[in-house]
Amino acid sequence: MTDERGYLLVEMTVTLAILVIVLAVGSAFFFFCSRTYSEGEKKTIVQSNARLAANFITKEVRYANKISTSSFNTCHCLKLEDNTLTEIIKKDGVIQSTREITRDSCLTDLSFRLESDDQGKAVLFFKITGGDEMLRNDYKIESEVLLVNIRDLNGVTLEGSEIFFTKPTVEE
């Protein structure tokens, strides 16, 4: 008769080795999933903010009466400030209000180009770039807006990182 109380040292070593392998694979899988989720979340935030900025620019500028890359005495200004799209409203040369349009500070570049199309209509082209140090690639949106109330730019092309415009006033 043999005494079979307890475990042998070899059995304990094999069990611990299997446990270490299972834990190593499990933790590697966990960290991979965690990193992938974080990257996806960052990408979603950048894309959402870039789309929000593009939609806002399109909506605000489409019916502008006057537009330029240099300031007017009374105007709206759209520009990138602290990596967020910012709208500044000036009246008689004094800033009346400033508001951030995008929620997160993830936009890295904003550029505007104003020119006439083949039929002489004014078109605003803009490019928005967003990114994060965690993301491998930047997210870019390039779009154009037909300026309904501006007829002719006299062949002049304007480029800049901010745009100034006036909106039509609503008569009551």
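Everything in this summary refers to the structure shown in the same document. Keep in mind the model is a prediction, meaning the values are calculated, not measured.

**Digging into unusual backbone geometry**
Now for step 1: Although it is not a glycine, asparagine 83 adopts a positive phi angle of roughly 65 degrees.
Now for step 2: Structurally, asparagine 83 is set in the loop between β2 (75-81) and β3 (84-91).
Now for step 3: Asparagine 83 gets classed as partly exposed once you look at its relative accessible area, which sits at 36%.
Now for step 4: Phi angles above zero are rare outside glycine, and aspartate 92 is one such case at about 55 degrees.
Now for step 5: Look at aspartate 92 and you get exposed, because its relative accessible area is 55%.

**Digging into the pairing of strand β5 (residues 107-116)**
Now for step 1: As paired strands, β5 and strand β6 (residues 122-130) are joined by 9 bridges and run antiparallel to one another. Bridge pairing links leucine 114 to leucine 124 in β6.
Now for step 2: Hairpin geometry of β5 and β6 is characterised by an intervening segment of 5 residues between the two adjacent antiparallel strands and by a positive phi of about 85 degrees at glycine 120.
Now for step 3: Note: β5 against strand β8 (residues 158-160), 3 bridges, orientation antiparallel. If you follow leucine 114 over to β8, its bridge partner there is leucine 158.

**Quick word on the nonpolar core**
Now for step 1: Judged by nonpolar contacts, the single largest core of 26 residues is most densely connected at Ile57, Ile67, Leu85, Leu124, Ile128 and Leu147.
Now for step 2: Within the residue set of this core, elements represented by two or more residues are α1 (9-61), β5, β6, β7 (139-146) and β9 (162-166).
Now for step 3: Looking at this core element by element, the count peaks at 6 residues for α1.
Now for step 4: Those residues in contact with leucine 147 that sit more than four places away from it in its chain are Val61, Arg62, Ile67, Leu114, Ala122 and Leu124.
Now for step 5: By size, the runner-up hydrophobic cluster in this structure holds 5 residues, among which are Phe72, Cys75, Ile88 and Phe164.

**What to know about the sheet that holds β3**
Now for step 1: Spatially, β1-β9-β2-β3-β4 is the arrangement adopted by the 5 strands of the open sheet, whose pairing is antiparallel. If you trace the sheet from one side to the other, it starts and ends with β1 (66-68) and β4 (94-100), each paired once. Across the sheet, the axes of successive neighbouring strands diverge by a mean angle of 20 degrees, strand direction being ignored.
Now for step 2: As paired elements, β1 and β9 share 3 bridges and run antiparallel to each other. Paired with lysine 66 across the strands is threonine 166, a residue of β9.

**Digging into the side chain of asparagine 49**
Now for step 1: Along the chain, asparagine 49 falls in helix α1.
Now for step 2: At 3.0 Å, the side chain of asparagine 49 forms a polar contact with the side chain of aspartate 104.
Now for step 3: Ignoring anything within four residues of it in the chain, the contact list for asparagine 49 reads Thr102, Arg103, Asp104, Cys106 and Leu107.

**Some words on α1**
Now for step 1: For α1, which comprises 53 residues, the first-to-last C-alpha distance of 78 Å matches the rise-based estimate of 78 Å (1.5 Å per residue) to within 8%.
Now for step 2: Buried residues of α1: Glu39, Val46, Asn49, Ala50, Ala53, Ala54, Phe56, Ile57, Thr58, Glu60 and Val61, and no others.

**Remarks on the pairing of β4**
Now for step 1: By the bridge criterion, 6 bridges tie β3 to β4 in an arrangement that is antiparallel. Note on β4: the bridge partner recorded for glutamate 87 is arginine 99.

**Some details on the sheet that holds β7**
Now for step 1: With antiparallel pairing, the 4 strands of this open sheet are ordered in space as β7-β6-β5-β8. Single-partner strands in this sheet number two, and they are β7 and β8. On average, each strand axis in the sheet is tilted by 10 degrees relative to the strand beside it, whichever way the strands run.
Now for step 2: The pairing of β6 with β7 spans 8 bridges and is classified as antiparallel. In the strand pairing of β7, threonine 129 is matched with lysine 140.
Now for step 3: The strands touched by α1 are β5, β6 and β7; relative to β6, the strand with the most contacts, the crossing angle is about 165 degrees.

What counts and what doesn't
Residues numbered from 1 in each chain as written. Predicted model: local features only at pLDDT ≥ 70, side-chain atom pairs only at ≥ 80, totals over all residues. Heavy atoms only, no water. Helix = DSSP H or I, 4+ residues; strand = E, 2+ residues; numbered from the N terminus. Buried < 20%, exposed > 50% of the residue type's maximum accessible area, 1.4 Å probe, protein only. Pairing = 2+ DSSP bridges. Core = buried A, V, L, I, M, F, W, Y, C linked by side-chain atoms within 4.5 Å. Contact = heavy atoms within 4.5 Å. Axes fitted to C-alpha atoms, helices over the stretch in contact; angles between N-to-C directions. Polar contact = N/O pair within 3.5 Å; in protein donor to acceptor, adjacent residues only side chain to side chain. Expected span 1.5 Å × (residues − 1).

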